[in-house]
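Geometric and topological summary
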Amino acid sequence: MTLGGWVVMCLSVGGVTALLIWCFYKVFTTPGAAERIHSQADIETPDVREEE
Amino acid sequence: MNRQGEPTKEAWGSRLGVILAVTGSAVGLGNFLRFPGLAARYEGGAFMVPYFIALLLLGLPIAWVEWSMGRYGGAHGYNSSPAIFRLIWRNRAAPYFGVLSMIIPVVIYMYYVYIEGWCLAYALRYLCGRMDFGAEPTAYERFFHQFVGWTGDGEALHTSGEGLLGSAVFFLIACFVLNFILIYRGLSKGIEWFCSWAMPALIVCALLVAVRVLTLGTPDPSKPEQNVLNGLGYMWNPTTSNISFCEALCNPEMWLAAAGQIFFSLSVGFGIIITYASYLGKNDDIALSSLTAAAGNEFCEVALGGLITVPAAFVFLGLSFVQDPPGTFGLGFVALPNVFNQMVFGRVVGFLFFFLLFLAAITSSLSMLQPAIALLEEGLGLKRKASVAFLGFITAIGSTFVVYFSKDLKVLDTFDFWVGTFAIYLLATFQVLLYGWVLGVERGWEELNRGAEIRIPHWVKYIIKYVSPVYLLTIFGFWFQQQFLQGPTKPGELTRLQQIQESSVVRFALGFIGVVALLFALLIAQSVKRWNKAERDRKEAAT
């Protein structure tokens, strides 16, 4: 592991961790964020409801 | 909310739930298996340069593009990509670009569900105590080769006296049936909810494994060079012993693969996001949603996948193995059991890791058929269950080819490159051009920012309009030049075009992709007639 390797690893791992923490911070601190943020996980396709 | 506008305890709970759902939905096989396989193949540290450039200039901007175009299409009553492309670009060719957004998730599903089966098989083998092959690292490689039938076509059909636990075909069928029951009965949402809590468990499990990998030291004193620092060095050093940093960066296929990996793991350029986004309300957030999903995905991929699989493979199996891993997805199935073998409660951790990875994969595969289901419903008027049955038939044929032509996992590799990288690349290029130059970047920007919980910097607009398309087309040009003029970058390797010339199995796999593409082109042609007729009827009714 060279010095360059340590730099690449710290920047890469630190960068993605910082981005994740910032996103969590925004979700926790923005009023109303929980209601308007979505993922594929919580999007129910209408065709499923229709067939029910 | 309380009177001061501060989140209450209940609100904190729902926010945590949202975070778990968004980040959980982003985790899949791409993070722990595909990314390390590619990083190893393209010399680790050098691969990270095009990887992060692709994340910033392609992955995040094009994710926003897809979410915006999808929600725009949904607001106009369309859910399938061909219909949304036709809505945005009033050209007869436009919906036919949607063939890409159909074949990508459908063909990827054909091999993804097979790898899902490997995860389930490994999990159950750990549970039953059938993964203890001793301290000899190559024993795990031999088992993997035998399990997937690496040495010859049709070999995966044999179980070598191990019964169902040794049969890759059995686990493929089990996963295939499970997926279809869940999709057919519309139970995806319940599974997704379950997985939003299971995925944090996978991350905790991966953190434990990462700690064990980082404390491995030198497991075999007779091979002092195979230590964890050298393993980390292979993954992260910008230069390697074989080729210089600049030489490594001059490989266009690495840039193509890095962009392909970003697209694959973020599900960008798949045609999936565009369909799901079309079901959103017009004031829902898409900016922070997609960024949080991408951040969760990148954390799992880089911070966990990057610290575990490649260093572990290097430590146990050496440099030559890491440089030529058994297929893009195979590295983890050989390297990780070696780590679990060295861990306290390794059997339990092995079971949990592969089982949770199986659940992560299920959440991804359940969404893969939705783009095609949306087309069949919207374009042909089929019911959901009929659409699912039709797709079940097509994907069963494809999965059979993947499992039968098992020698060197040739069909899986061909599908993964030509669809899982190349076709995704084409679709992403088309979509970014469509957004920037046809829909119009100002209109698209307005769509993206409506309801946004974060302010996206203004300059991202110019990245989407100018930088992303130029970047994509430049890499594509260099890759074509390499394929036609330069030849392979490593001695003994074949270029993708040479593989087509040399291998009848590769030609057969590409022919199959072509047949599936033709089938979807015919379905889209039929759908266009239906959409045109509906529009004429609406106009006549209005007059």
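Fair warning: this is a prediction, and the values are worked out from it, not measured in the lab. (Residues numbered from 1 in each chain as written. Chains lettered and ligands numbered in written order. Predicted model: local features only at pLDDT ≥ 70, side-chain atom pairs only at ≥ 80, totals over all residues. Heavy atoms only, no water.)

**A look at the confidence of the model for chain A**
Quick note on the threshold: Each residue carries a pLDDT value, the predictor's own confidence for that position, ranging from 0 to 100. Helix numbering and strand numbering both begin at the N terminus, where a helix is a DSSP run of H or I of at least 4 residues and a strand a DSSP run of E of at least 2.
For chain A, the average pLDDT comes to 84, and 88% of its residues sit at 70 or higher. Per-element confidence in chain A is highest for helix H1 (residues 3-29) of chain A, whose mean pLDDT is 92, and lowest for helix H3 (residues 46-51) of chain A, whose mean pLDDT is 67.

**What about the packing of aromatic side chains?**
Note on aromatic pairs: each is described by the distance of the centres and the angle between the planes. All names here are of chain B. Where we set the bar: For this analysis, a ring pair means two rings from Phe, Tyr or Trp (six-membered ring only for Trp) whose centres lie within 6.5 Å, classed as stacked if their planes differ by under 30 degrees, edge-to-face if by over 60, and tilted for the remaining angles. Remark: exposure states derive from per-residue accessible area (1.4 Å probe, protein chains only) relative to the maximum for the residue type, with buried under 20%, exposed over 50%, and partly exposed in between. Two conditions define a charge located above a ring, namely a distance within 6 Å from the ring centre to NZ of Lys or CZ of Arg, and an angle within 35 degrees of the ring normal.
According to the stated counting rule, one finds 58 aromatic pairs over all chains in the structure shown. Here the aromatic rings of Trp89 and Phe97 are separated by 6.1 Å at their centres, their planes lie at 40°, and the arrangement is tilted. Look at Phe97 and you get partly exposed, because its relative accessible area is 31%. A cation sits over an aromatic face here: Arg34 above Phe264, 4.2 Å from the ring centre.

**Here's the deal with the interface of chain B and chain A**
Here is the rule we go by: For this analysis, residues touch if any pair of their heavy atoms sits within 4.5 Å. Put simply, buried area is the surface a 1.4 Å probe can reach on two separate parts but cannot reach once they are joined, added for both. Salt bridges, as used here, are contacts in which a Lys or Arg side-chain nitrogen is within 4 Å of a carboxyl oxygen on Asp or Glu. Under the grouping applied here, Gly and all other residues not named as nonpolar or charged are polar, the nonpolar ones being Ala, Val, Leu, Ile, Met, Phe, Trp, Tyr, Cys and Pro and the charged ones Asp, Glu, Lys and Arg.
Of the residues lining the interface, 55 residues belong to chain B; the matching set on chain A comes to 40 residues. Taking both partners together, chain B and chain A bury about 4,300 Å²; carbon and sulfur atoms supply 72% of that area. As a salt-bridge pair, Arg36 of chain A and Glu453 of chain B come within 2.6 Å of each other at their nearest N and O atoms. Elements represented by at least two residues in the side of chain B that touches chain A include exactly helix H1 (9-26), helix H3 (45-75), helix H8 (188-214), helix H9 (228-236), helix H12 (272-277), helix H13 (287-323), helix H16 (370-380) and helix H17 (384-404) of chain B. Considering every element that reaches the side of chain B that touches chain A, the biggest residue donor is H13 of chain B, with 11 residues. For the side of chain B that touches chain A, the residue count by class is 29 nonpolar, 15 polar and 11 charged.

**A few points about the environment of Met48 of chain B**
Note that Met48 of chain B resides in helix H3. Along the backbone, Met48 of chain B and Pro238 of chain B are 190 residues apart, and their C-alpha atoms lie at a distance of 8.5 Å. Among residues more than four places away in sequence, those in contact with Met48 of chain B are Val8 and Ser12 of chain A together with Phe35, Met235, Trp236 and Val302 of chain B.

**Focus on the pattern of salt bridges**
If the charged atoms of two oppositely charged side chains come close together, the side chains can form a pair. The final tally for this structure, using the stated rule, is 11 salt bridges over all chains. What emerges from the salt-bridge pattern is a single network uniting Arg71, Glu447 and Arg450 of chain B.

**Concerning the environment of Gly154 of chain B**
Residues and elements named next belong to chain B. Secondary-structure assignment places Gly154 in the loop between helix H6 (137-148) and helix H7 (168-184). Spatially, the C-alpha atom of Gly154 lies 54 Å from that of Asp537, the residues being 383 residues apart in sequence. Those residues in contact with Gly154, other than ones at most four positions away along the chain, are Tyr404 and Ser406.

**Regarding a nonpolar patch on the surface**
All names here are of chain B. As a reminder, the rule being used: Patch membership is restricted to residues that have no salt bridge and whose relative accessible area is over 30%. Joining uses 9 Å for like charges and 5 Å for the nonpolar side chains Val, Leu, Ile, Met, Phe, Trp and Tyr. Surface exposure here means Shrake-Rupley accessible area, sampled with a 1.4 Å probe, where a residue is shielded only by the protein chains that are shown.
Side chains of Leu433, Trp437, Val438, Trp459, Tyr462, Tyr466 and Val467 sit close together on the surface and give an oily, nonpolar patch of about 710 Å² of accessible area. Contributing elements (two or more residues each) for the nonpolar patch: helix H18 (410-449) and helix H19 (460-486). Considering the arrangement of structural elements, one finds Val438 in helix H18.

**Re unusual backbone geometry**
Residues and elements named next belong to chain B. The phi angle at Phe345 is positive, at roughly 55°, despite the residue not being glycine. With a phi close to 50°, Leu409 is a non-glycine residue in the positive phi region. Among the structural elements, Leu409 can be located in the loop between H17 and H18.

**Focus on the state of the cysteines**
Formally: Disulfide assignment relies on a single distance test, namely cysteine sulfur atoms paired within 2.5 Å.
Enumeration over the complete set of coordinates arrives at zero disulfides over all chains. Of the cysteine sulfurs around Cys23 of chain A, a residue in no disulfide, the closest is that of Cys300 of chain B, at 13 Å. The class of Cys23 of chain A is buried, set by a relative accessible area of 0%. Here Cys250 of chain B stays free of any disulfide, with the sulfur of Cys246 of chain B as its closest cysteine sulfur at 6.6 Å. For Cys250 of chain B, a relative accessible area of 57% gives the class exposed.

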